[in-house]
Every structure is written in structure tokens, then in C-alpha cells.
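Spelled out from the first residue to the last, the chains are:
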Amino acid sequence: MVGREKFDADLNQVQSLLLDLSNTAIDTLDNSMSFLFEKDIEGALSVLENDEHINHMEEEINDRVILLIAKQQPVATDLRRLMVLVKIAADMERIGDYACNIAKETIRIGKDEHIEPIVMLEEMRVKTIKMLKQVLDAFTNENMEEAKSIAKLDDEVDEMYGHIIRTLLTAGINNPAQLSQVTQLSFVSRYLERSADHATNIAERLLYLLKGKHYELNN
């Protein structure tokens, strides 16, 4: 019984670390978009500096999971949970990378006047952050229905992405002098779309954790 209590305590610590990593990654993505809109170069640089912290958080989760497996030899259901924790940590670390990429595009754009299509990115940003927070809440509460609803939001983000890319391409054709920023904002929209995809991945991982079956929510 003592061994089980120790395992549960260690597992709870890993899950707590994952929540810290997830909240940090989501906040960093949200902040990176704010810095883009505000032309805040110093803020964008702070995002790049914070990336190492996010990487270390993921590494700590991986190290703790490996130690738990080596020392505790968990049963199948516990092992499945540990593997899910590692995969979600990787999803969240990747979202941190997208935040860094957005920060780099912000630095490249600098203080230049923003082209009009940038306003469309705000709605995409709101929807993506909503997805990430919702899937984190679903994971925390092990709420299957909330996880399943992520697929609809992902479809909405995909539609936004397609619309933004078409609008940006039109802006580039009409004004070739804006082509550089068109390219940079296209990358930003892609990073948001990919972040939303990772939210769907996390929802699928939660369903696997709870049901023991693999689901594809975006089919």
C-alpha cells in the first residue's frame, strides 16, 4: 500500500508539472500575439528568452516519467497515463515553439505599418486560445464530452486559416510592396492553425486515456 501511495503522489506531481507547462505555453502563445499587434519588439524578445524555460519543463516531465517507470513498474492503466502525460507535454512544448516563431515574425515586421488583414488574426487567436484552455480543462476534469467538442472548434480555426491566407494573397497581389509582411503574417496564421491542431491531439489523447482506444476527432 505504501508503494501505491508513493506512486500516486509522484504521479500527481508530474500531472501538476504538466498543468504548469500547459498554462505557461498557452500564456506565451497568447502574449506573442499581443506583442505582434502592439509592435512590441521587447516583448517578442522576452518570448524567445522564455522558450528555454518551457523546454526544461518538458524535459523534467520526461525525466520524472522515466524514473517512475523504472522504479515503480506501473500496471497497464498507469503506464498508459504516463505515456499520455509525456505526449501532451510534447504538444505543449511545440505550442511554445510556435509562440517563439510568432515572436520572430513580430521582430521581422518591426515597427512597420500593419497591413489590413492582420485584424483577422485576432479572431483566430481568440478561438485558438479558447481551444487550448478548453482542452486543458477537459484533461484536468477528465471530461470526455468537453474533449469531443474540440473538433468543432478546430474546424472553425481551419476555416479562418483558409480565409486569412486567401485575403493575404490578394493583398500581396494588389500591393507587391507588402509581400514581405504578407509572408510573415501567413506564417503567423499557420502557427495558430498548428497550435489548434495540437489542442485536438490532446483531446484525442484524453479519449485514449479514458477509453483505451485511439480516436481521430478531425476526420
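Here the structure is shown first, and the text comes after it.
The present account deals with the structure reproduced in this document. For every chain, the first residue of its written sequence is number 1, and the numbers climb from 1 along that sequence. With the structure being a predicted model, the display of local features is reserved for residues of pLDDT at least 70 and the display and counting of side-chain atom pairs for 80 or more, all residues being used for whole-chain, interface and lining totals. To obtain the side-chain values, all non-hydrogen atoms of the structure were used and water was disregarded.

**So, the packing of helix H6 (residues 150-174) against helix H7 (residues 179-211)**
Where H6 meets H7, the axes come as close as 10 Å, and the angle between the chain directions of the two elements is 170°. In this view, H6 runs roughly antiparallel relative to H7, as classed from their interaxial angle. Contacts from Ile 150, Asp 154, Val 157, Asp 158, Tyr 161, Ile 164, Ile 165, Leu 168, Leu 169, Ala 171 and Gly 172 in H6 reach Leu 179, Val 182, Leu 185, Ser 186, Ser 189, Arg 190, Glu 193, Ala 196, Asp 197, Ala 199, Thr 200 and Ala 203 in H7. In the contact of H6 with H7, the residues fall into 14 nonpolar, 4 polar and 5 charged. Fitted lines through C-alpha atoms give the axes, limited to the stretch in contact for helices. The angle between two N-to-C directions lies from 0 to 180 degrees. Where helices and strands are cited, they refer to DSSP runs of H or I of at least four residues and of E of at least two residues respectively, numbered from the N terminus. To sort the angles, those under 35 degrees are grouped as roughly parallel, those over 145 as roughly antiparallel, those from 65 to 115 as roughly perpendicular, and the leftovers as oblique. Only heavy atoms matter for contacts: two residues are in contact if any of them lie within 4.5 Å across the pair. When residues are grouped by polarity, Ala, Val, Leu, Ile, Met, Phe, Trp, Tyr, Cys and Pro land in nonpolar, Asp, Glu, Lys and Arg in charged, and all others, Gly among them, in polar.

**A short note on the packing of helix H2 (residues 41-72) against helix H3 (residues 76-109)**
At a closest axis distance of 9 Å, the pairing of H2 and H3 adopts a crossing angle of 165°. With respect to each other, H2 and H3 are oriented roughly antiparallel. Here the hand of the crossing between H2 and H3 comes out left-handed. Its residues assigned to classes, the contact of H2 with H3 shows 21 nonpolar, 4 polar and 5 charged. Crossing chirality is assigned from the near helix's rotation relative to the far helix, an anticlockwise turn below a right angle marking it left-handed and a clockwise turn marking it right-handed.

**Notes on unusual backbone geometry**
Of note, Lys 39 is a non-glycine position whose phi angle comes to about 55°, a positive value. One non-glycine residue, Glu 142, lies in the positive phi region at around 50°.

**Describing the packing of aromatic side chains**
Pairs were defined over the aromatic rings of Phe, Tyr and Trp, the Trp ring being its six-membered one, requiring ring centres within 6.5 Å. Orientation was assigned from the angle between planes: stacked under 30 degrees, edge-to-face over 60, tilted for the rest. Counted according to the given criterion, the structure contains 2 aromatic pairs. Ring geometry for Phe 187 and Tyr 191: centres 6.4 Å apart, planes at 20°, overall stacked. One end of the pair, Phe 187, and the other, Tyr 191, are both in helix H7, 4 residues apart, so they sit about a helical turn from each other. Using a relative accessible area of 15% as the deciding quantity, one classes Tyr 191 as buried. When a residue's accessible area, from a 1.4 Å probe over protein chains only, is under 20% of the maximum for its type it is buried; when over 50% it is exposed; and in between it is partly exposed.

**Digging into H6**
Any helix carries an expected span of 1.5 Å times its number of residues minus one. The terminal C-alpha atoms of H6 lie 36 Å apart, and with 25 residues this matches the ideal 36 Å at 1.5 Å per residue to within 8%. Looking only at H6, the buried set comprises Ile 150, Ala 151, Leu 153, Asp 154, Val 157, Met 160, Gly 162, Ile 164, Ile 165, Leu 168, Ala 171 and Gly 172. On its buried face, H6 is in contact with helix H4 (120-141), helix H5 (144-148) and H7.

**Concerning H4**
Along its 22 residues, H4 runs 32 Å from first to last C-alpha, staying within 8% of the 32 Å computed at 1.5 Å per residue. Phi turns positive, to about 50°, at Glu 142, one or two residues after H4.

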